[in-house]
Amino acid sequence: MSNYAIEMRDICKSFGPIKANQNINLNLRQGEILSLLGENGSGKTTLMNMLSGIYKPDVGSIFVDGKEVSIDSPEDSKRLGIGMVHQHFKLVDVFSAADNIWMGKDKNGFILKKSRYNEIQEIIEKFGFSLDPQKPVYEMSVSEKQTLEIIKVLYYGAKVIILDEPTAVLTVQEIEKLFAVLRKMKEDGHSIIIITHKLNEVMEISDRVAILRKGEYITTVDTKQTNEQELTEWMVGHKVDLNIDRPIIQKTSPLLEVRDLTIRNDAGALAIDGVNFYIRGGEILGVAGIAGCGQKELCEAIAGLRPIEKGQMIHKGDNIVGLSPKAILEKGISMSFIPEDRLGMGLAPSMSITDNMILKNYADTKGPFVDRKQGRVAAEEVIRQLEVVTPSTETPVRRLSGGNVQKILLGREIKADPNVIITAYPVRGLDINSSYTIYNILNKQKASGVGVLFVGEDLDVMIALCDKIMVLCHGQLMGVVHAHKTSKEELGLMMTGALNLTDKYEDKPAGIAKDTLFEADGEGKEA
Amino acid sequence: MGLHIVKRDNCPLWKKCCFYFVSVFAALLIGAIILLAIGVDPIAYYTRMFTMGTIGNRIAYKTFMNYLADFVPLFLTSVALSLAFKMRFWNIGGEGQFIIGSIATALVAIKLGGVLPSWLVLILMCLAAMIAAGVYGVIVAALKVRFGTNETLLTLMLNYVALYILIFLMETKQDWNFFLDPEVPRPVPVSFRDLVSFPGIPLGEKFELNICVVLAVLIGLIIYVYLRYTKQGYEINVVGDSAGTAHYAGMKVSRIVLRTVFLSACLIGLAAAFKVGTTGILSTAITDDVGWTGIIVAWLSQLNTAAILFVSALISLLHFGSTIAAATFSQVDSSFANMLQGLILFLVLAADFFIRFRVVRTRKGGSNNG
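Note that the structure is predicted; figures quoted are calculated from it, not measured.

Asker: Hey, could you run me through the overall build of chain B in this one?
Answerer: A count of helical and extended segments in chain B gives 13 helices and four strands. By its C-alpha atoms, chain B is 95 × 60 × 40 Å across when sized along the principal axes. Within the span of chain B, comprising 370 residues, buried residues form 41% of the whole.

See below:
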């Protein structure tokens, strides 16, 4: 216990006037799993980037195995046996697994040897991974890519492995597999730092937990001597109610019905394959599925951004297939999709909050000029109601932190007074406080009779928040289940395609409402 | 003790201006060293260049009028290019659009000059140039919208297509070719200066302010307002920032792209009409490279219309001044201005780095009580 694997003393790092890290002390024992816990913007990734040589601390010192070191570049970090698995994978798509590992090694010489496959196979077997070294990356699933990233740092001889939010993209079963591997690595003497938001995972995998809050170091505790409630309080700074409400609202007849919908993705493959579902007013319908199983294409199709191959979409008795995005907006269907980079769809990042507020209604005023006054009022309202942290309404959106960006986006969508909200990953990467704000917003909308389609990734949240959950696997509907009757395990099996509940009730196929408005095209709209 | 780079949060305007001023000054300093090496007195040279030889010149007003005639096409072209660049449409085809505009202008001037009243011919010249150049530009936009072609490559290639059409017209001595002077047996372009030319507004005794200058500045002002305050300008900004978002907000992205590129090319055509309508003659060197220089001006100005006014005035001054200075200093060719322009671009980009980042010393230590 005399020497820590890594010890960071009094680390400070600022970006301009923002103090990302202030006097942080962190130590990692040999052969332990340490969770690094903190809200967005609390400086976790910054701190880890200083270990991996991407940033240099302004002040402070780093010790590896008791010796003071200076990490000036990623090469230094690699030499010291520190390996980091980033949130966004750094892989070459057209290379095989083995070649991706091989190309980063310095002493390989000029010739690709056959033996590289065997060498990498050895590591794979040693830690109990399952991966074919000859498989090209573009054919891999997300979890396989992540596995490859981990094998890569192991192959380079890392003794300390840092994982930045590794579970965000995995299913329940895949997370279990990952944790098994991490435990094996620990037994083998590796020390591991895992960054995560998810408290249940912290409790399950780690030996100790270090907590950061707003760039400051709070404490490090033994996992066994703490609980989720206590960790949250350290992380947030005050007491937080961890329960997500699911108010029961009087449901109305189906607002949006989708029947036999088939959509192709950009590459021309089937993204959504004959899917049926419906959303009632006053309910939240969750959409669960492994990343990339057609959620994005589904959202785009409903918003009118993607052509539909086959099928029908009925909104309040009117067919909306083939309408322009503008016409669909005017019907009161709002779609907000938070992509991985958070800014790609729905916001113009270099433009001000005001300019982003008027994005969907700038054309409604008369005359050739843009009415920014009304946009500024809207921006001020959203900032006040959703507690957005920003210097002013004229700040470019890309300068805001992730949570605030998402609040702006959702705030604008709600201001438009929609009756159907399609929201994909609204809490992607958000910390607990911001996430709960977003859940409250959605619940309020639900209470006012809006139908919500919630595409999510965290099953715990979906089970707590949604009324019903539909599960997609490779674009096919695996069934629609009641959230209060299902379990994570059941959902996980459906997501991987192992369980299909579409034919569970013979009289009632999944995704088709009994009181359908479907054939009612001419009957006029309901109130 | 090492140095490292820290991001600046916000750089006040006066500091920015200082950085830019220093970089322009540094470029001139490097130029001075080169001049010294050739054996030219840099102070004398720069004085001559920046005053455009107006000091002690009896026809200084004439020089200044010529300078303005150089400035107008560059300013207008830069404004036009900035419009497309704002939308992240890389219109490298300013040269080609300018040439097509010039040919259209000359065509109208030669065919209708003297037939119709002068003011009508001038308006028709402008319209013809705008439509011809606009269509030439919009072809590329249409191909991009329809087939996803790369606009940089296409506009670039169309520059050479236009250039060789112009060379063909300027060098083919045939009876049908009314662009050439029928009186001369060699291929010499015909002058229509006496037939039709943009009028000047007399100011003072001899100085005449060409109407093109007034119009160009006015158009600059309109484009400034257009980009900032109108719905169409707003759309251009959104499409440039994120085409996906524009699509998602219900904007008709293809239409916006076509409209904006047409407008951009139109304005370049108008610049050509102003140029040709002032010189009164077509030539293979009619563009004066404004299609290329305009790109530099637009970027140096960071696509800000107000800044384009100053930058294009400065760059025109360099070019025009160096031509005049070359008459006195025979060792220094007028392409010295191109070198200075390159240096300025390079150093202003370097200054941009200092505007965005600070270089600070790495400190060690801090309290060691952890």
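Asker: Which parts of the structure should I look at to understand helix H16 (residues 488-495) of chain A?
Answerer: Residue pairs spaced three or four apart in an α-helix point in one direction, given the helix's 3.6 residues per turn. All names here are of chain A. What H16 keeps buried is the set Leu-491, Gly-492, Leu-493, Met-494 and Met-495. Elements that come into contact with the buried residues of H16 comprise helix H6 (172-187), strand E13 (284-288), helix H15 (459-465), strand E19 (468-473) and strand E20 (476-482). Gly-497 sits one or two positions beyond H16 and adopts a positive phi of about 90°.

Asker: Which parts of the structure should I look at to understand the sheet that holds E20(A)?
Answerer: Note: strands within a sheet are paired through backbone hydrogen bonds, in either parallel or antiparallel orientation. All names here are of chain A. As summarised here, the arrangement of the six strands in space is E16-E17-E18-E13-E19-E20, forming an open sheet in which the pairing is mixed. This sheet does not close on itself; its edge strands, each paired only once, are strand E16 (333-337) and E20. For this sheet the average axis-to-axis angle between neighbouring strands, irrespective of direction, equals 15°. With respect to the sheet, helix H9 (residues 295-302) is in contact with E13, E16, strand E17 (420-424), strand E18 (451-455) and E19, its orientation differing from that of E16 by roughly 150°. Across the face of the sheet, helix H14 (residues 432-447) comes into contact with E13, E17 and E18 while running at roughly 150° to E18.

Asker: For this particular structure, what's the right way to read the packing of helix H4 (residues 94-112) of chain B against helix H11 (residues 290-300) of chain B?
Answerer: Two numbers describe a pair of packed helices, the interaxial angle and the distance between the axes. All names here are of chain B. Across the interface, H4 lies against H11 with an axial gap of 7 Å and an inter-helix angle of 135°. By the angle class used here, H4 and H11 are oblique. When the axes of H4 and H11 are compared, the crossing they make is right-handed. Residues Gly-94, Glu-95 and Phe-98 of H4 pack against Val-290, Gly-291, Trp-292, Gly-294 and Ile-295 of H11. Considering only residue class, the contact of H4 with H11 consists of four nonpolar, three polar and one charged.

Asker: Explain the domain arrangement of chain A to me, please; I cannot follow it from the model alone.
Answerer: If you check the domain split of chain A, you get domain 1 (6-236), domain 2 (243-332 + 418-527) and domain 3 (349-416). The C-alpha centroid of domain 3 of chain A is placed 37 Å from the C-alpha centroid of domain 1 of chain A.

Asker: How should I be thinking about the packing of helix H12 (residues 305-328) of chain B against helix H13 (residues 336-356) of chain B in this particular structure?
Answerer: Residue and element names in this part refer to chain B. At a closest axis distance of 8 Å, the pairing of H12 and H13 adopts a crossing angle of 155°. Here H13 runs roughly antiparallel to H12, going by the angle between their axes. The crossing of H12 and H13 is right-handed. Facing H12, whose interface residues are Ile-315, Leu-318, His-319 and Ser-322, H13 presents Phe-336, Ala-337, Leu-340 and Gln-341.

Asker: Just to check I follow, could you spell out the interface of chain A and chain B for this structure?
Answerer: You'll often see interface size given as the accessible area lost when the parts meet. Taken together, the 32 residues of chain A in the interface contact 26 residues of chain B. Looking at the side of chain A that touches chain B, the elements that each hand over two or more residues are strand E1 (6-15), strand E4 (59-64) and helix H10 (325-330) of chain A. When its residues are assigned to classes, the side of chain A that touches chain B shows 19 nonpolar, seven polar and six charged.

Asker: Is there a simple way to explain the sheet that holds strand E15 (residues 318-319) of chain A in this structure?
Answerer: All names here are of chain A. Across the sheet, four strands lie side by side as E12-E11-E14-E15; this open sheet has antiparallel pairing. Every interior strand has two partners, whereas the edge strands, strand E12 (270-280) and E15, have only one. Note that strand E11 (residues 254-264) and strand E14 (residues 310-315) share five bridges and pair antiparallel. Looking at the pairing, Thr-262 lines up with Lys-310 of E14. Against the sheet, H9 engages E11, E12 and E14, with an angle of about 120° to E11.

Asker: Help me out: how do you make sense of the pairing of E4(A) in this one?
Answerer: In regular strands, side chains alternate between the two faces of the sheet. All names here are of chain A. Sheet topology places E1 next to E4; five bridges connect them, and they run antiparallel. Bridging across to E4, Glu-7 finds its partner in Phe-63. Both E4 and strand E5 (residues 67-69) contribute to a ladder of three bridges, which runs antiparallel. The residue bridging Ile-62 from the neighbouring strand is Val-69, located in E5. Here E4 folds back onto E5 in antiparallel fashion, the turn holding two residues, of which Asp-65 has a positive phi close to 50°.

Asker: So what exactly am I meant to see when it comes to the pairing of E18(A) here?
Answerer: Residues and elements named next belong to chain A. Counting buried positions along E18 yields five of five residues, so the element is predominantly enclosed. Side chains Gly-451, Leu-453 and Val-455 of E18 all project onto a buried face; the interleaved residues Val-452 and Phe-454 project onto the opposite face, where all are buried too. Taken together, the four bridges between E13 and E18 define a ladder with parallel strand orientation. Following the sheet pairing, Gly-286 is matched in E18 by Phe-454. With five bridges connecting them, E17 and E18 associate as parallel partners. Following the sheet pairing, Ile-422 is matched in E18 by Leu-453.

Asker: Got a minute to help me understand unusual backbone geometry in this structure?
Answerer: Excluding glycine, most residues fall at negative phi; most peptide bonds, likewise, are trans. Residue and element names in this part refer to chain A. In the Ramachandran plot, Glu-165 falls in the positive-phi region, its phi being about 45° despite a non-glycine side chain. Among the secondary structure elements, Glu-165 is positioned in the loop between strand E7 (160-164) and H6. The class of Glu-165 is partly exposed, set by 17 C-beta atoms lying within 10 Å. In this model, Asp-417 sits at a positive phi of 60°, which is unusual for a non-glycine residue. With respect to the helices and strands, Asp-417 occurs in the loop between helix H13 (402-415) and E17. On the basis of neighbour count, Asp-417 is assigned to the exposed category, with 11 C-beta atoms found within 10 Å.

Asker: What's the story with the environment of Ile139(B) in this structure? I'm lost.
Answerer: Residue and element names in this part refer to chain B. With respect to the helices and strands, Ile-139 occurs in helix H5 (residues 118-147). Judged by C-beta crowding, with 16 C-beta atoms within 10 Å, Ile-139 ranks as partly exposed. Sequence separation between Ile-139 and Thr-230 is 91 residues, and the spatial gap between their C-alpha atoms is 25 Å.

Reading guide: rules and limits
- Residues numbered from 1 in each chain as written.
- Chains lettered and ligands numbered in written order.
- Predicted model: local features only at pLDDT ≥ 70, side-chain atom pairs only at ≥ 80, totals over all residues.
- Helix = DSSP H or I, 4+ residues; strand = E, 2+ residues; numbered from the N terminus.
- Buried ≥ 20, exposed ≤ 12 C-beta atoms within 10 Å, placed from the backbone.
- Contact = placed C-beta atoms within 7 Å.
- Pairing = 2+ DSSP bridges.
- Axes fitted to C-alpha atoms, helices over the stretch in contact; angles between N-to-C directions.
- Parallel < 35°, antiparallel > 145°, perpendicular 65-115°, else oblique.
- Left-handed = near helix turned anticlockwise from the far one by under 90°.
- Nonpolar A, V, L, I, M, F, W, Y, C, P; charged D, E, K, R; others polar.
- Domains from an automatic or database assignment.

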